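# A look at the structure
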Amino acid sequence: MRTNLPIDETGLWDDLMALAARTEPDRPWTRRAFSPMFLEGRAFVAARMREAGLAVRIDPAGNLIGRREGRRADARAIVIGSHSDTVPDGGRFDGTAGVMAGIAVARSLARDGRELDHAVEIIDCLAEEVSIFGLSCIGSRAVAGALSAEQLNRQEPTGERLAAAIERMGGSIDHLGEARRTDIAAYLELHIEQGPVLADQRRDIGIVTAIAGITRIEITVEGRADHAGTTPMTLRQDALAGGAAVVTAIAKDARRRAAAGHGHFVATVGEFRIEPNAANVVPGRVTMLVDARAEERGFLEGFVTELPPLLQRALGGTGTRLADFRVISDALPALSDPMLLDVLEGASDTLGLDAMRMASGAGHDMAWFSRIAPAAMIFIPSKDGRSHTPEEWSEPGEIAAGAAVLHEALLRLDTMLA
Ligand code: GLV
Ligand code: MN
Ligand code: MN
């Protein structure tokens, strides 16, 4: 790895640690979208954008955007994006590495007094992680014009609707259509790999060729709430007992499918709610969220179509019923732009960094930007492949190396796209 990179490694690292410190104090590292802590984090990001000479705004979808104008007034923007929200009990690098690397690139441009033909934008996309609304990539969906009225109407457990929450983040639902972009020349994203491949193979950079498709399904199982002390076991309609059968059936079916040789396939029940959730009441209702991902679209569709009958069978004899089965989001597999892949590879080579091409099983904002612009992303190594946990780690030099690739790719694209 080279050390004389065009990026201030210490400044980038200090920014990342300062953003990470904006966490729910008793749950490091937690800064979930739409929370007061998220707004504190964003205030810091916006301040760092301004200090890097960027003009800061929030678009109608609640994306935080820092912009540096180009020499040509008609020039489209080259965008560097990612996200500043975290999962609960998450890490310090997922998303934030990309946002702060983008700002570090802008600082380098300002420091070197470099004028580009294209405008450059750093975008902190709203709510990339699955939010309290059960929906992920909210800001980037809107940029692609793919945030539906049904999604905007989703309610979180205390009753707030997504549309209201976006306004609370500084967006404007009446003008949501204006968040849709047609003026992006290229989109680049740096992200931690969140898996073990780069570290195992001792590579500096992953050049991401594709992102797996992701379908999320909300499932509700209904039984009947009754007194837990007086209702005989034979008369119960225990929704949690039914829900447990559903979770087990999904895990078993997913293991079978993953072994079937159709590329990457995974399915997870990672979110689960039980009502009324009291020790002395038989559970009346459970709601869960299934997250299914596949490289092959048809294979993912097969899983979703065959799931309801499978669950009906699993619930047989439990006295409970499948009350709702609802696909709440569905992202197609996304392909990177071949020209951008070459540019990122060339940039890595020039910097003396060892790069390899790879697919992503994790979702990213890039998947949505790829619908409206040439888009690609790079990965940097994750220690032991750990992510979505407090142990998530990447070295300062690894992050700065990735930022240097963004910087070099940006300069090349500014000339190539002119
Ligand atoms: C994003 O973190 C994802 O869920 O893949
Ligand atoms: Mn992420
Ligand atoms: Mn994540």
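Everything numeric in this text was worked out from a predicted model, so none of it was measured. (Residues numbered from 1 in each chain as written. Chains lettered and ligands numbered in written order. Predicted model: local features only at pLDDT ≥ 70, side-chain atom pairs only at ≥ 80, totals over all residues. Heavy atoms only, no water.)

### Topic: the sheet that holds strand β12 (residues 321–331)
- The strand order β9-β11-β7-β12 describes an open sheet built from four strands, whose pairing is antiparallel. The sheet is open, and its two edges are formed by β9 (265–275) and β12, each paired on a single side. Neighbour to neighbour, the strand axes of the sheet diverge by 15° on average, direction disregarded.
- Pairing between strand β7 (residues 213–222) and strand β11 (residues 285–294): 10 bridges, direction antiparallel. Bridging from a neighbouring strand, T220 pairs with T287 of β11.
- Set on the sheet, helix α8 (residues 239–258) makes contact with β7, β9 and β11; between it and β9 the angle comes to about 175°.
- Helix α9 (residues 297–315) rests against β7, β9, β11 and β12 of the sheet, and its axis sits at about 170° to β12. (Pairing = 2+ DSSP bridges. Helix = DSSP H or I, 4+ residues; strand = E, 2+ residues; numbered from the N terminus. Axes fitted to C-alpha atoms, helices over the stretch in contact; angles between N-to-C directions. Contact = heavy atoms within 4.5 Å.)

### Some points on the layout of surface pockets
- Empty space within the largest pocket amounts to approximately 910 Å³.
- R216, D291, R293, G363 and H388 are the residues nearest the centre of the largest pocket, which is lined by 45 residues in total.
- Of all elements in the fold, only β7, β9, β11, β12, β14 (355–360) and α11 (366–369) reach the threshold of two or more residues within the lining of the largest pocket.
- Taken together, the residues of the lining of the largest pocket sort by class into 20 nonpolar, 15 polar and 10 charged. (1 Å grid on protein atoms, 1.4 Å probe; cavity = no way out; pocket = protein on both sides within 12 Å on 5 of 7 lines; lining within 4 Å. Points joined across faces, edges and corners; volume = space filled by probe spheres on them. Nonpolar A, V, L, I, M, F, W, Y, C, P; charged D, E, K, R; others polar.)

### Some details on the coordination of the manganese ion (ligand 3)
- Protein-derived ligands of the manganese ion (ligand 3) are D94 (OD), E129 (OE), E129 (OE) and H388 (NE2), with the metal-ligand distances lying across 2.0 to 2.6 Å.
- Positions of the donor residues of the manganese ion (ligand 3) along the chain correspond to the pattern D-x34-E-x258-H.
- Judged by its relative accessible area of 39%, H388 falls in the partly exposed class. (Donors = N, O, S within 2.8 Å, 3.2 Å for Na, K, Ca; no water. Buried < 20%, exposed > 50% of the residue type's maximum accessible area, 1.4 Å probe, protein only.)

### So, the pattern of salt bridges
- Under the criterion given, the structure shown has 32 salt bridges.
- One salt bridge connects R216 with D291, and the closest N-O pair in it is separated by 2.8 Å. In this pair, R216 is assigned in strand β7 and D291 in strand β11, connecting sequence segments 75 residues apart. Like D291, R216 is buried.
- Two residues, E301 and R297, come together in a salt bridge whose shortest N-O distance is 2.9 Å. Taken together, the positions of E301 and R297, both in helix α9 and four residues apart, correspond to about one turn of that helix.
- With relative accessibility at 40%, the residue E301 sits in the partly exposed group.
- Here the salt bridges do not stand alone but share partners, grouping R67, E69, E121, R181 and D183 into one network. (Salt bridge = Lys/Arg side-chain N within 4 Å of Asp/Glu carboxyl O.)

### Quick look at the coordination of the manganese ion (ligand 2)
- The manganese ion (ligand 2) binds to the protein through H83 (NE2), D94 (OD) and H191 (NE2), with metal-donor distances spanning 2.0 to 2.2 Å.
- If you list the donors of the manganese ion (ligand 2) from N- to C-terminus, the spacing comes out as H-x10-D-x96-H.
- Here the manganese ion (ligand 2) and the manganese ion (ligand 3) are spaced 3.5 Å apart, with D94 acting as a shared donor. With a gap of 108 residues between them, H83 in the loop between β3 (77–82) and α3 (96–111) and H191 in strand β5 (residues 184–192) connect regions that are remote in the sequence.
- Exposure remark for H83: the relative accessible area of 0% places this residue in the buried category.

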